[in-house]
Amino acid sequence: MKEVHNFCAGPSLLPQTVYEQAAQAVLNFEHTGMSILSISHRSKEFIAALEEARQLSLELLGLDQKGYVALFLQGGASMEFLRVPYNLMQKKAAYINTGTWSSKAIEQAQMLGEVDIVASSEDQQFSYIPKNVRIEELVDYVHFTSNNTIYGTQFNYIPQTDAPLVCDMSSDIYSREFDCEKMDLIYAGAQKNIGSAGVSLIIVKEDILGKTKRTIPQMLDYQEHIAKDSLYHTANVFAVYTCLLNLRWLKQQGGVKVMEQLNKTKADLLYQTIDALDFVSGTAAVEDRSKMNATFTFKEEGMNIIFDQLCREANIANIKGHRSVGGYRASLYNAVTLDSVEVLTGVLQQMKTRV
Ligand SMILES: *Cc1c(COP(=O)(O)O)cnc(C)c1O
């Protein structure tokens, strides 16, 4: 099989060893003689895997033994746009709007209460992160998106508030050290840096729950999922197991600290290359550039054709920008190697001779 350099924004690349172990589990899950696709979600083997994944998900963020519970639920990060206000909204919440995903979260919250948009970067096509956000008003919770997958911007600080802080970390969880203890609820669709699509990780501090008087449908009720140990109904068995394999890999690599170093090296190389070439430019404000999703455009339309052609020749895949913004986007999640980034920067360098 030819080596492909896959920069997909999600579902993202996973380590080769995770693919191999997941494939093996489809054939014979942990010597049970059965496929993981056909075992009970209440079997002792699966429950052990789920519990290990829940434990590791906390441990790798330094959140174990600190009053947090981890859940692996279905519905993707988009489900949490709704589940969060159902559980936390009493009257009013504050949201920071930094792009499409934040906007969608805001729309869902508005169905259940008042939303104060306390900061926004919509005035400049979400190309930057609002600075020094501090929320002093009394709200039920504050919500922000740590990394904006589509626009390629990333928070380098945590907004200040005394209210419970909720963070959509879908596209940069486990990619860098971030003071997660400041957060009361973290959620992330698994398909960007945790595992395969079909499950999301929710990490919640139990003491913020149970305060709303609203009747919460059981499927949306975090307390119900906690009471059932993340097995209220059939779990996405295969996706949870894939998450476990990837979290184990992450721990073996040395955890988030080691990933942060590697991710910084990859992002620095790509951005330095972009900055040194006068025919290509990054689309995000330099100080807010994401280390997970690097967005860029060429100065002239015609260069896209040359770049696309060179990418095909170099086996570079999934480099197109999100359909809503165009341009290009290289997603540099944990499993993307420095080698792949070097191939991409090599192609950009090669374009010098073609323009
Ligand atoms: C991809 C993404 C989502 C949506 O995730 P789904 O699992 O597809 O619902 C939400 N927020 C962010 C930051 C994302 O990158």
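Refer to the structure printed above.
Below or above, wherever it landed, is the structure these notes cover. (Residues numbered from 1 in each chain as written. Predicted model: local features only at pLDDT ≥ 70, side-chain atom pairs only at ≥ 80, totals over all residues. Heavy atoms only, no water.)

## Re the overall build of the protein chain
When its secondary structure is counted, the protein chain shows 9 helices and 16 strands. Computed over C-alpha atoms, the radius of gyration of the protein chain comes to 21 Å, within 12% of the 20 Å expected from 2.2 N^0.38 for 355 residues, which places it in the range of a compact globule. A principal-axis box enclosing the C-alpha atoms of the protein chain has dimensions of 65 × 55 × 30 Å. Taking all 355 residues of the protein chain together, the buried fraction comes to 55%. (Helix = DSSP H or I, 4+ residues; strand = E, 2+ residues; numbered from the N terminus. Rg over C-alpha atoms; globule rule 2.2 N^0.38 Å. Buried < 20%, exposed > 50% of the residue type's maximum accessible area, 1.4 Å probe, protein only.)

## Section: the nonpolar core
Counting residues in each nonpolar core, the largest one holds 60 residues, and the members touching the most others are Phe72, Ile173, Tyr174, Met183, Ile194 and Ile203. When residues of this core are assigned to their parent elements, the largest contribution, 10 residues, is made by helix α6 (residues 237–253). Each residue touching Ile194, except ones within four places of it in the same chain, is listed here: Ile173, Tyr174, Ala188, Gly189, Leu201, Thr242, Cys243, Asn246 and Leu247. Ranked by size, the runner-up nonpolar core spans 27 residues in total, among them Leu277, Ala294, Phe296 and Ile319. (Core = buried A, V, L, I, M, F, W, Y, C linked by side-chain atoms within 4.5 Å. Contact = heavy atoms within 4.5 Å.)

## A word on the packing of aromatic side chains
Enumeration over the complete set of coordinates arrives at 14 aromatic pairs. Note on Phe81 and Tyr187: the rings are 6.2 Å apart at their centroids and 70 degrees apart in plane angle, and the pair reads as edge-to-face. With Phe81 in helix α3 (residues 76–88) and Tyr187 in strand β11 (residues 185–189), the pair connects residues that are 106 residues apart, well separated along the chain. The ring centre of Phe178 lies 3.9 Å from the NZ or CZ of Arg176, which sits over that ring. (Phe/Tyr/Trp six-rings, centres within 6.5 Å; stacked < 30°, edge-to-face > 60°. Lys NZ or Arg CZ within 6 Å of the ring centre and 35° of its normal.)

## A short note on the packing of helix α8 (residues 302–313) against helix α9 (residues 338–350)
Two elements in contact, α8 and α9, have axes separated by 10 Å at closest approach and are oriented at 140 degrees. Our classification of the angle between α8 and α9 gives oblique. Here α8 runs over α9; the crossing is right-handed. Packed against α8, whose contacting residues are Phe307, Leu310 and Cys311, the element α9 presents Leu344, Val347, Leu348 and Gln350 at the interface. (Axes fitted to C-alpha atoms, helices over the stretch in contact; angles between N-to-C directions. Parallel < 35°, antiparallel > 145°, perpendicular 65-115°, else oblique. Left-handed = near helix turned anticlockwise from the far one by under 90°.)

## Structural notes on the site of the ligand
Not every one of the 13 residues close to the ligand is listed here, only the nearest: Ser78, Thr149, Asp168, Gln191 and Lys192. Thr149 is positioned such that a nitrogen or oxygen atom in its side chain is 2.4 Å from an oxygen atom of the ligand. In the environment of the ligand, an oxygen atom lies 2.7 Å from a nitrogen or oxygen atom belonging to the side chain of Lys192. Summarising the interface, the protein chains cover 87% of the accessible area of the ligand, which totals 390 Å² for the free molecule. For the shell around the ligand, the leading source of residues is α3, giving 4 residues. (Near = heavy atom within 4 Å. Polar contact = N/O pair within 3.5 Å; in protein donor to acceptor, adjacent residues only side chain to side chain. Areas by Shrake-Rupley, 256 points an atom, 1.4 Å probe, with all protein chains shown as cover.)

## Brief notes about the sheet that holds β11
The sheet built from 7 strands is open, its strands ordered β2-β12-β11-β10-β6-β3-β4 with mixed pairing. Where the open sheet ends on each side, the last strands, each with one partner, are β2 (68–73) and β4 (114–120). In this sheet, neighbouring strand axes are inclined to one another by 20 degrees on average, regardless of whether the strands run parallel or antiparallel. By the bridge criterion, 5 bridges tie β11 to strand β12 (residues 200–205) in an arrangement that is antiparallel. Across the sheet, Tyr187 pairs through a bridge with Ile202, a residue of β12. Against the sheet, α3 contacts β2, β3 (92–97), β10 (165–168), β11 and β12, and its axis sits at roughly 155 degrees relative to β11. (Pairing = 2+ DSSP bridges.)

## Overview of the pairing of strand β6 (residues 142–145)
Going residue by residue along β6, you find Val142 and Phe144 tucked away on one face and His143 and Thr145 tucked away on the opposite face as well. Of the pairings in the sheet, the one linking β3 to β6 comprises 2 bridges and is parallel in character. Within β6, the residue paired with Tyr95 across the bridge is His143. Both β6 and β10 contribute to a ladder of 4 bridges, which runs parallel. Residue pairing in the sheet places Thr145 in a bridge with Asp168 of β10.

## Remarks on the side chain of His143
Note on placement: His143 falls in strand β6. Looking at His143, the relative accessible area reads 1%, which means it is buried. Excluding residues that lie within four positions of it along the chain, His143 makes contacts with Ala94, Tyr95, Ile96, Ala105, Val166, Asp168 and Tyr187.

## Details of unusual backbone geometry
Cis peptide bonds are those with omega within 30 degrees of zero, and the linkage from Gly10 to Pro11 qualifies with -5 degrees. Even without glycine at this site, Gln65 takes up a positive phi of about 60 degrees. Looking at the secondary structure, you find Gln65 in the loop between α2 (44–59) and β2. Gln65 sits in the exposed class, given a relative accessible area of 78%.

## Here's the deal with the sheet that holds strand β13 (residues 280–282)
The pairing of strands in a sheet happens through backbone hydrogen bonds and is either parallel or antiparallel. Spatially, β13-β14-β16 is the arrangement adopted by the 3 strands of the open sheet, whose pairing is antiparallel. In this open sheet, the two edge strands, each paired with only one partner strand, are β13 and β16 (328–331). If you compare each strand with its neighbour and ignore which way they point, the axes differ by 30 degrees on average. With 3 bridges joining them, β13 and strand β14 (residues 293–298) adopt antiparallel strand pairing. For Ser281, the partnering residue across the bridge sits in β14 and is Thr297. Contacting β13, β14 and β16, helix α7 (residues 256–276) crosses the sheet at an angle of about 15 degrees to β14.

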